[in-house]
Amino acid sequence: GIPEKERFVPSFFGIYKKKGVGVMSQTAFIFPGQGAQEPGMAKDFYENSASAREVFDQAESLLGLDMKKLCFEENEELNITEYTQIALLTTCMAMERVVREQGLAPQVTAGLSLGEYCAIVSAGGMELSDAMRLVRKRGILMQEAVPAGEGSMAAVLGMDGPSIEKVLEGRDGVWIANYNCPGQIVITGYKAPVEEASKALQEAGAKRVLPLKVSGPFHSPLMNPAGEGLKEVFAGMKLSSLELPYVTNVTAEYVNDIGQTEDLLIRQVSSSVRWQQSVEAMISAGVDTFVEIGPGRTLTGFLRKIDRQVKGYNIRTWDEMQKVCEELAK
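The following paragraphs examine the structure supplied in this document. Every chain is numbered on its own, with residues counted from 1 as its sequence reads. Side-chain atom pairs in this predicted model are given and counted only at pLDDT of 80 or more, local residue features only at pLDDT of at least 70, and totals for whole chains, interfaces and linings cover all residues. Derived side-chain values reflect all non-hydrogen atoms in the structure, with water molecules and hydrogen atoms excluded from consideration.

Right, let's talk about helix α11 (residues 275–284) for a bit. Burial here depends on accessible area, computed with a 1.4 Å probe over protein chains only, as a share of the maximum for the residue type. Under 20% is buried, over 50% is exposed, and the range in between is partly exposed. Per the convention used, a helix needs a DSSP run of H or I reaching at least four residues, while a strand needs a run of E reaching at least two, with both numbered from the N terminus. Within α11, seven of the ten residues are buried, which leaves it mostly tucked inside the rest of the structure. When we look at burial in α11, the residues that qualify are Trp275, Gln276, Ser278, Val279, Ala281, Met282 and Ile283. Positive phi appears at Gly286, one or two residues downstream of α11, with a value of about 105°.

Written out as structure tokens, the structure is:
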């Protein structure tokens, strides 16, 4: 209960300033993770913007994939992890580039799981070409870490984190993957332990436990081999100093020092995604406007459940981008 104007919040370089009177509104760019993909994503950006076309062309020439076919047309590959991740990175970064050209810029960035790579590029810490190479490899490594059919994930609805942690305590082969928002937490692990934990969670008061359509037990220790594989891709890669901070999934804290990034991204594939805590950290540091860039509306939905006082905007289409940029430029 500290009065609003007495509350201190850290600014980028660790200098403290008072929140409240005279402190400008802060904007965060947030980027979705796997599951947001949909055929046709960013097609209108590609058609309307040379900058967006450049991003798609860069991914195609760098990786030898037909990105336009992958993102714009109905196809089965879009939902296969090794393709989904690079498709989403390409889409979100093509959109982000156009949003910045419209004059909209963030004070901090964050992304859910895979979206954290978009956040780091947007914060100036990584070249887009390096992010493309990393994400392409990350998708393949995560796809291969556990044989198909051995792992699974499930969304637990209507139960809080500590209660779920209590039920999972002492159980082998099942972990918390995502703290998404109040009332929505995802569990992950080997198939049988996840199914057994799902039953136990419903008995302990969860409203529903829904199995997710995913190809592996993401954000669990079973993904450690994928993290090890990423180390090799990082070798010889040079990251840049951050132009603004981003918030990491692993600790839900602001990252100002790019020196932490490699270790955080290696840990990220097997750690819980602390999304709710990440959003709360940004809000307590003065962010009052969140702009979700990419397909889907998942993060804006979570935002409403985390804090209804802050503003959330979606940019999924060219028309939405123009509307949002116009409104926020006022």
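And the narrative resumes.
Attention now goes to the environment of Thr300. Within the element layout of this structure, Thr300 appears in helix α12 (residues 298–306). Residues within four places of Thr300 in sequence aside, it is in contact with Glu292, Gly312, Tyr313 and Asn314. Whether two residues touch is decided by their heavy atoms; if any such pair falls within 4.5 Å, the residues are in contact.

A word on the pattern of salt bridges. Salt bridges are counted wherever a side-chain nitrogen of Lys or Arg sits within 4 Å of a carboxyl oxygen of Asp or Glu. Enumeration according to the criterion identifies ten salt bridges in this entry. The partner of Glu228 in a salt bridge is Lys231, with the nearest N and O atoms 3.2 Å apart. Residue Glu228 and its partner Lys231 are located together in helix α9 (residues 224–234), separated by three residues, close to a single helical turn. With relative accessibility at 39%, the residue Lys231 sits in the partly exposed group. Here Glu320 ties to Arg297 by a salt bridge, and the two come within 3.7 Å at their closest N and O atoms. One end of the pair, Glu320, is in helix α13 (residues 318–329); the other, Arg297, is in the loop between β11 (287–293) and α12, and 23 residues separate them in sequence. Look at the salt bridges and you will find they share partners, linking Arg297, Arg316 and Glu320 into a network.

As a further point, take the sheet that holds strand β6 (residues 174–181). Only when DSSP finds a minimum of two bridges between them are two strands counted as paired. One open sheet holds the four strands; their spatial order is β6-β7-β5-β8, and the pairing between them is antiparallel. Two strands close off the open sheet at either side, each with one partner strand: β6 and β8 (208–211). Adjacent strand axes in the sheet meet at a mean angle of 25°, parallel and antiparallel pairs treated alike. Strand direction decides the pairing type here: strand β5 (residues 151–157) and strand β7 (residues 184–190), joined by seven bridges, are antiparallel. Opposite Ser152, over in β7, you have Gly189 as the bridge partner. Where helices are involved, their axes are fitted lines through C-alpha atoms of the stretch in contact, as for all axes, and angles between N-to-C directions lie from 0 to 180°. Where helix α8 (residues 191–203) meets the sheet, it contacts β5, β6, β7 and β8, and its direction lies at approximately 145° from that of β7. Contacts between α12 and the sheet are confined to β6 and β7, with β6 contributing the most and set at about 80° to the helix.

Residues of α9 that are buried: Ala226, Gly227, Gly229, Leu230, Val233 and Phe234. Along α9, the residues classed as buried sweep out an arc of 160° about the axis, all on the same side. Residues of α9 that are buried in the fold lie against α5 (115–122), α6 (128–145) and α10 (261–268). Where α9 terminates, the next one or two residues include Gly236, which has phi positive at roughly 85°. Relevant arc is that of directions from the helix axis to the C-beta atoms, nothing else.

Two pairing modes exist for strands in a sheet, parallel and antiparallel, and in both the strands are linked by backbone hydrogen bonds. Read across the open sheet, the six strands follow the order β10-β9-β4-β3-β11-β12; overall the sheet is mixed. Every interior strand has two partners, whereas the edge strands, β10 (254–255) and β12 (311–315), have only one. With five bridges connecting them, β11 and β12 associate as parallel partners. Each bridged residue has a counterpart across the sheet, and for Phe290 the counterpart in β12 is Gly312.

Before going further, it helps to examine the packing of aromatic side chains. In this description, an aromatic ring pair is defined by two values, namely the gap between the centres and the angle between the planes. In this analysis, rings of Phe, Tyr and Trp, with Trp reduced to its six-membered ring, are considered paired at centre separations within 6.5 Å, and the interplanar angle assigns stacked below 30 degrees, edge-to-face beyond 60, and tilted for intermediate values. Considering all chains together, one arrives at four aromatic pairs under this definition. Through a chain of ring-to-ring contacts, three or more aromatic side chains come together here, namely Tyr46, Phe56 and Phe72.

Turning to the nonpolar core, a few remarks are in order. Here, the term nonpolar core denotes a set of buried Ala, Val, Leu, Ile, Met, Phe, Trp, Tyr and Cys residues that are joined through side-chain atoms within 4.5 Å. Formed by 77 residues in total, the largest nonpolar core has its most connected members in Phe45, Met67, Leu89 and Met126. Take this core: its biggest share by element is eleven residues, from helix α4 (residues 81–101). Beyond its immediate chain neighbours, meaning those up to four positions away, Met67 contacts Phe56, Ala59, Glu60, Ile86, Ala87 and Thr90. If you look at the next biggest cluster of nonpolar residues, it comprises 19 residues, including Ala28, Val273, Met282 and Leu299.

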